[in-house]
Amino acid sequence: MRILGIETSCDETAAAVVEKGTKILSNALASSIELHQKTGGIIPEVAAREQLKCIIPVIEEALQKTKKVDAIAVTIGPGLIGSLLVGTETAKTLTYTWKKPIVPINHLQAHLYANWLEGKKPRFPAIGLVISGGHTDLVLMKTHGKIKWLGGTRDDAAGECFDKTARVLGLPYPGGPAIAKLAEKGNPRTYDLPRPMIKQENHDFSFSGLKTAVINFKRKQKRIKKADMAAGIQQAIVDVVVKKTIRAAQKHKVKSVLLAGGVAANKQLREQMQTQITNKVNFFVPSPKLCTDNATYIASCAFFNFKSLPWQKIQANPSLSIEEGTSQT
Ligand code: KG4
Ligand code: ZN
């Protein structure tokens, strides 16, 4: 079965064709990130207008080699409503014209499916950490479609913390890659930054205190060592998420740990998780290109959770939670 995935939840317009949920046949992507760099963050109206411009060319590119698909999968949420609507309405039109099934997809659950697209496949039960610009969620994945939310951020997401502290340091958007690059030259121990909630047994996170600590250092010290601060921020975030993910994996005695989402592209996070995880548990993290938003994992998620809905029932839902079934709109 070949599925065309469509992803327009934020500032990336993406379409991909994936066979049997595991083999990428095409992966087309347009990003409006350069526009957002000018404003230091995403303006939803601008993102939606860019989605409109790009959606047809991106779908055409994804279908260049593989003209025939058996179904269409589309992100219905969470995300920016204007951006989501471009994807869902386009997918509905294609479904209606092609007379093919349409599968609504939860963007957060789908991120985890990037781990099914390269080589070895995860075994259940698994702990998933979805760590992106808008979300930091720890879930227990009992099997396909059975996802239990264990905890998440109480304030800023990890990616948001990277983005906001980068702004404080005068670095470009998106902040994660900018901080990671600068951190290579920095000493993570120069600044004593907090590791919020690291000692608490629960599965929740909090990153706004870390952001405030960075702002306070910046206010107090005129000449801040930017590379050291970047290394410190990265290390604080990584320490917290690695500790809490491993704790959840031990508690639930899982066979696999899956990382997903844009922040999973972070080298320090990938390496630290890999070294600290016990060898009984298999660790999966997609290649960096598949961590950030794209449509391959949308198509893969649809294959493993195939539940087609009539096109009239497909509705964009900006505040969909990670647990919500993809077909219950
Ligand atoms: O999953 P994603 O592409 O979009 C959302 O659904 O949010 O994630 C984007 C987030 C941004 O906050 C960005 O700063 C972060 O992922 N990010 C990184 C890295 N690459 C992207 N954070 C840390 N290190 C990276 N290498
Ligand atoms: Zn995402």
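Placed above this text is the structure.
These figures come from a predicted structure and were not determined experimentally.

Quick notes on the rules
- Residues numbered from 1 in each chain as written.
- Chains lettered and ligands numbered in written order.
- Predicted model: local features only at pLDDT ≥ 70, side-chain atom pairs only at ≥ 80, totals over all residues.
- Heavy atoms only, no water.
- Donors = N, O, S within 2.8 Å, 3.2 Å for Na, K, Ca; no water.
- Tetrahedral: all angles 85-135°; square planar, octahedral: opposite > 155°, others 65-115°.
- Helix = DSSP H or I, 4+ residues; strand = E, 2+ residues; numbered from the N terminus.
- Buried < 20%, exposed > 50% of the residue type's maximum accessible area, 1.4 Å probe, protein only.
- Core = buried A, V, L, I, M, F, W, Y, C linked by side-chain atoms within 4.5 Å.
- Contact = heavy atoms within 4.5 Å.
- Near = heavy atom within 4 Å.
- Polar contact = N/O pair within 3.5 Å; in protein donor to acceptor, adjacent residues only side chain to side chain.
- Nonpolar A, V, L, I, M, F, W, Y, C, P; charged D, E, K, R; others polar.
- Pairing = 2+ DSSP bridges.
- Axes fitted to C-alpha atoms, helices over the stretch in contact; angles between N-to-C directions.
- Parallel < 35°, antiparallel > 145°, perpendicular 65-115°, else oblique.
- Left-handed = near helix turned anticlockwise from the far one by under 90°.
- Phe/Tyr/Trp six-rings, centres within 6.5 Å; stacked < 30°, edge-to-face > 60°.
- Lys NZ or Arg CZ within 6 Å of the ring centre and 35° of its normal.

Draft legend 1. Summary view of the coordination of the zinc ion (ligand 2). Each protein donor to the zinc ion (ligand 2) is listed here as His107 (NE2), His111 (NE2) and Asp293 (OD); together their distances run 2.1 to 2.2 Å. One way to put it: the four donor atoms around the zinc ion (ligand 2) meet at angles of 94 to 144 degrees, and that makes the site irregular. As a motif over one chain, the donors of the zinc ion (ligand 2) read H-x3-H-x181-D. Here the residue histidine 111 occupies a position in helix α4 (residues 107-112), and aspartate 293 occupies one in the loop between α10 (288-291) and α11 (296-304), the gap between them amounting to 182 residues. When its relative accessible area of 2% is taken as the criterion, histidine 111 is described as buried.

Draft legend 2. Looking closely at the nonpolar core. In this structure, Ile127, Leu269 and Met273 are the most contacted members of the largest nonpolar core, which totals 49 residues. Elements with a contribution of two residues or more to this core: β6 (126-131), β7 (136-143), α5 (158-168), α6 (175-183), α7 (208-220), α8 (226-251), β9 (256-260) and α9 (267-276). Per-element accounting of this core gives the leading share, 14 residues, to α8. With residues near it in sequence (within four places) discarded, isoleucine 127 still touches Leu138, Val139, Leu140, Leu150, Thr245, Ala248, Ala249, His252, Val254, Ser256, Val257 and Leu258.

Draft legend 3. Quick look at the environment of isoleucine 198. Position of isoleucine 198 relative to the elements: it lies in the loop between α6 and α7. Counting along the chain gives 41 residues from isoleucine 198 to aspartate 239, while the straight-line C-alpha distance between them is 8.0 Å. Those residues in contact with isoleucine 198, other than ones at most four positions away along the chain, are Asp239, Val240, Lys243, Lys244 and Arg247.

Draft legend 4. Structural context of the site of ligand 1. Around ligand 1 there are 19 residues in total, and Gly133, Asp163, Gly176, Gly262 and Asn266 lie nearest to it. With respect to ligand 1, the backbone of glycine 133 contributes an N or O atom lying 2.8 Å from an oxygen atom. Take aspartate 163: an N or O atom from its side chain is 2.7 Å from an oxygen atom of ligand 1. Each residue belonging to the shell around ligand 1 can be placed in one class, and the counts come to five nonpolar, 12 polar and two charged.

Draft legend 5. Examining the side chain of histidine 107 more closely. Position of histidine 107 relative to the elements: it lies in helix α4. When sequence neighbours within four positions are dropped, the list of residues in contact with histidine 107 reads Glu7, Ser9, Thr75, Gly77, Pro78, Asp293, Tyr297 and Ile298.

Draft legend 6. The arrangement of the sheet that holds strand β3 (residues 23-31) in detail. The strand order across the open sheet built from five strands is β3-β2-β1-β4-β5, with neighbouring strands paired in mixed fashion. Across the chains shown, the open sheet's two edge strands, defined by having one partner strand only, are β3 and β5 (102-106). Adjacent strand axes in the sheet meet at a mean angle of 20 degrees when their direction is disregarded. Both strand β2 (residues 12-19) and β3 contribute to a ladder of eight bridges, which runs antiparallel. The residue of β3 that forms the bridge with valine 17 is serine 26. Along the sheet face, helix α3 (residues 81-98) touches β1 (2-7), β4 (71-77) and β5 and points at about 155 degrees away from the line of β4. Sheet contacts for α11: β1, β2, β3, β4 and β5; angle to β1, the most-contacted strand, approximately 130 degrees.

Draft legend 7. Molecular detail of the packing of α5 against α6. At their nearest, the axes of α5 and α6 sit 7 Å apart, and the two run at 65 degrees to each other. As far as their axial angle goes, α6 and α5 are roughly perpendicular. The interaxial crossing formed by α5 with α6 has left-handed handedness. On the side of α5, the interface is formed by Phe162, Asp163, Thr165 and Ala166, while α6 contributes Gly175, Gly176 and Ile179. A class-by-class count of the residues in the contact of α5 with α6 yields three nonpolar, three polar and one charged.

Draft legend 8. Molecular detail of the packing of aromatic side chains. Scanning all chains against the criterion turns up eight aromatic pairs. Note on tyrosine 191 and phenylalanine 217: the rings are 5.2 Å apart at their centroids and 70 degrees apart in plane angle, and the pair reads as edge-to-face. Within this pair, whereas tyrosine 191 is found in the loop between α6 and α7, its partner phenylalanine 217 is found in helix α7, the two being separated by 26 residues in sequence. Judged by centre distance (5.1 Å) and plane angle (90 degrees), the rings of phenylalanine 303 and phenylalanine 304 are edge-to-face. Looking at phenylalanine 303, the relative accessible area reads 26%, which means it is partly exposed. Feature note: the residues Tyr113, Trp116, Phe124, Phe303 and Phe304 constitute an aromatic cluster, connected by ring pairs. Here the guanidinium or amino end of lysine 99 rests over the ring plane of tyrosine 96, the centre of that ring lying 4.9 Å away.

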